Amino acid sequence: MSTVPKRLLTPVEYLAQERRAAFKSEYYQGETFAMAGASREHNLIVGNLVREIGNGLKGRKCEVYPNDMRVKITASGLYTYPDVTVVCGHPEFEDDQGDTLLNPTVLFEVLSDSTEAYDRGTKSAHYRRLPSLMEYVLIAQDQPLVERYVRPPDGSWLLRETTRLEETDALDGISVQLSMSEIYRQVTLPEEPSLKQT
């Protein structure tokens, strides 16, 4: 008995399929991977980020997109949907549809139990191959924890961590101040959060 090999999609076929689909899927090396829905906390954090970053970028040539903007990592071929994407300067797109961004400046992922290992590991490695990327930000939804991976001029990556709701942190890549209390506005957090072991 033989198994019929799974047919792999080309990027062009994926984009055509994705643009018609009722739900979003990532694409990598010919395969698609359906994306799961998000919790209330996840959606609140994403909404808070889009509002706060958008307000901080008023009057500047930057754009903020929620999680419907697809990003392509050209170096690896991954197509994915970050939770929040910021691009400063002229946005570059894969084609004239304007729905697949190639040059993000800052990317955000809100962590969940099902995606945390991927967001910290494989996806992070893909993102770091984007020449335009200045920061990759991971945000916990069950405790006040923001981890910013910042790329200084030498091309290395530095980790900066914020863990208290009364703190404010600056996004170096776009010069925007983010208040932890605003990131977690209306999000129910444990009384005494403890840092997860990573």
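Overview of the structure. (Residues numbered from 1 in each chain as written. Predicted model: local features only at pLDDT ≥ 70, side-chain atom pairs only at ≥ 80, totals over all residues. Heavy atoms only, no water.)

Right, let's talk about the layout of surface pockets for a bit. Empty space among the atoms can be located by rolling a probe the size of a water molecule over them. Considering only enclosed or pocket space, the largest pocket measures out at about 440 Å³ in volume. Around the largest pocket sit 22 residues that line it, and M35, A36, G37, D83 and T115 are the ones nearest its centre. Looking at the lining of the largest pocket, the elements with two or more residues in it are β2 (31–34), β8 (106–110) and α3 (116–120). Classifying every residue of the lining of the largest pocket by side-chain character gives eight nonpolar, eight polar and six charged. (1 Å grid on protein atoms, 1.4 Å probe; cavity = no way out; pocket = protein on both sides within 12 Å on 5 of 7 lines; lining within 4 Å. Points joined across faces, edges and corners; volume = space filled by probe spheres on them. Helix = DSSP H or I, 4+ residues; strand = E, 2+ residues; numbered from the N terminus. Nonpolar A, V, L, I, M, F, W, Y, C, P; charged D, E, K, R; others polar.)

Within this structure, the stated rule accounts for one disulfide. Note on cysteine connectivity: C62 is disulfide-linked to C88, with sulfurs 2.1 Å apart. Between C62 and C88, the S-S dihedral sits near 110°, and the bridge is therefore right-handed. Linking C62 in strand β3 (residues 62–65) with C88 in strand β6 (residues 84–88), this pair joins segments that are 26 residues apart in sequence. (Disulfide = S-S within 2.5 Å.)

For the rest of this paragraph, the subject is the packing of aromatic side chains. Under the definition given, this model contains five aromatic pairs. Centroid distance Y127 to Y136: 4.9 Å. Interplanar angle 80°. Geometry classified as edge-to-face. Judged by its relative accessible area of 0%, Y127 is buried. Chaining the aromatic ring pairs together yields one cluster made of Y14, Y27 and Y79. (Phe/Tyr/Trp six-rings, centres within 6.5 Å; stacked < 30°, edge-to-face > 60°. Buried < 20%, exposed > 50% of the residue type's maximum accessible area, 1.4 Å probe, protein only.)

Nothing here speaks to function; it is all geometry.
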